Amino acid sequence: MRGISTFILAATAAVFAPFAAEAQDKTLTVYTYESFTSDWGPGPKIKAEFEKTCACTVNFIGVADGVALLTRLKLEGANAEADIALGIDTSLISEAKATGLFEANGIEKSAVKVPGNYADDTFLPYDYGHFAVIYDTQTIKTPPKSLKDLIEGDTSQKIAIQDPRTSTPGLGLLLWVKAVYGDKAPEAWAKLKDRVLTVTPGWSEAYGLFTKGEVPMVLSYTTSPAYHMVEEKTDRYQAANFSDGHYIQIEVAGMLRHAKDKDLAKSFLTFLISPAAQDIIPTTNWMMPAAATSAPLPDAFDKLVKPANTLLIGSDEVAKNRQAWIDEWLTAMSRK
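Residues numbered from 1 in each chain as written. Predicted model: local features only at pLDDT ≥ 70, side-chain atom pairs only at ≥ 80, totals over all residues. Heavy atoms only, no water.

**What to know about empty space enclosed by the protein**
Okay, step 1: With the rule as written, the count across this model stands at one cavity of 30 Å³ or more.
Okay, step 2: One number sums up the size of the largest cavity: a volume of about 30 Å³.
Okay, step 3: What lines the largest cavity is Leu174, Lys178, Ala185, Pro186, Trp189, Trp325, Glu328 and Trp329.
Okay, step 4: The residue inventory of the lining of the largest cavity, partitioned by class, reads six nonpolar, no polar and two charged. (1 Å grid on protein atoms, 1.4 Å probe; cavity = no way out; pocket = protein on both sides within 12 Å on 5 of 7 lines; lining within 4 Å. Points joined across faces, edges and corners; volume = space filled by probe spheres on them. Nonpolar A, V, L, I, M, F, W, Y, C, P; charged D, E, K, R; others polar.)

See the structure below:
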């Protein structure tokens, strides 16, 4: 029986092989950041779930971080392989639109609920989080209670931050300081630099130094402690609650104008805000979901810092001033 059934299956497969090959010929290429595509990130699970429905292959191409992603798209222009760019945040959308590389997606977005009710016809929010200073409670007994405390605090207690030229968290901190200090931001950076152990290209490098115990504080998100509580069963790492507010990051995805299969790209974006994908985000990307999940979040999320004040500078203002503000940062950080 086995030999006969094997023969029948083989013959059937031979008949339908050309159709199967045709169905699998579709490839969706997504530019995103490296932590999204890592084994522990949401990328592999989102890829697997979407491929169950699309008769396609999802090809993730990772770069260091969201700012580096936009830089790559600018350099490649219409020659970019990407159909979708995933990981730019709302601070960069005006600059991204100005490239002319993106196209309105036309998908239904009523399921999306993020702070400030952000909505856009081109860029789709898929998660969000507030930036925070994460500290090691075994080393830092009195964490900073405000941005001023961080800037003017004990310079022996170091922090790892990210580069605003390449990293969306690094840009987030730049904008956080600007939102609180305004024209006095260069003076604030001049003070803060004495607490900065290192500036890394992206989030992963900085957080890796923190978890290895090489630095007691790191710029990350209010949601980061949830990872340690859920996966490591420890509350050792906590977010400092800043009285002057926390800057928000809303991460978005957009369809490229030259996408090879726009229907497939739109299907992926629609899937990204479905419960099937949103269920994956909180415990892999460790951010807040931008749309409804099919089940409540883990209890650890109830224990997180809930910012009393959300800070955000409009993307048009960021696009107009980003380079000047980065130049301020470079000058302040390079002073002896």
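**With respect to the packing of helix α8 (residues 185-192) against helix α13 (residues 315-334)**
Okay, step 1: Running from N to C, α8 and α13 cross one another at 35°; their axes reach a closest spacing of 8 Å. Pair α8 / α13 crosses with right-handed handedness. When α8 is examined against α13, the residues Ala185, Pro186, Trp189 and Ala190 are found in contact with a partner set consisting of Glu328, Trp329, Ala332 and Met333.
Okay, step 2: Grouping the amino acids of the contact of α8 with α13 by side-chain chemistry returns seven nonpolar, no polar and one charged. (Axes fitted to C-alpha atoms, helices over the stretch in contact; angles between N-to-C directions. Helix = DSSP H or I, 4+ residues; strand = E, 2+ residues; numbered from the N terminus. Left-handed = near helix turned anticlockwise from the far one by under 90°. Contact = heavy atoms within 4.5 Å.)

**So, the state of the cysteines**
Okay, step 1: On inspection of all chains with the given rule, the structure shows one disulfide.
Okay, step 2: With a sulfur-sulfur separation of 2.0 Å, Cys54 is cross-linked through a disulfide to Cys56. Its S-S torsion of about -85° marks the bond between Cys54 and Cys56 as left-handed, since a negative value means left-handed.
Okay, step 3: On the accessibility criterion, Cys54 (8% relative accessible area) is buried.
Okay, step 4: What makes Cys56 buried here is its relative accessible area of 3%. (Disulfide = S-S within 2.5 Å. Buried < 20%, exposed > 50% of the residue type's maximum accessible area, 1.4 Å probe, protein only.)

**Things to note about the pairing of strand β6 (residues 159-162)**
Okay, step 1: Burial of β6 is two-sided: the residues Ile159 and Ile161 facing one way and the residues Ala160 and Gln162 facing the other way are all buried.
Okay, step 2: Pairing of β6 with strand β7 (residues 196-200), which is carried by four bridges, proceeds in the parallel orientation. If you follow Ala160 over to β7, its bridge partner there is Thr198.
Okay, step 3: In the sheet, β6 pairs with strand β8 (residues 217-221) via two bridges, with the strands oriented parallel. By the bridge assignment for β8, Ala160 is matched with Val218. (Pairing = 2+ DSSP bridges.)

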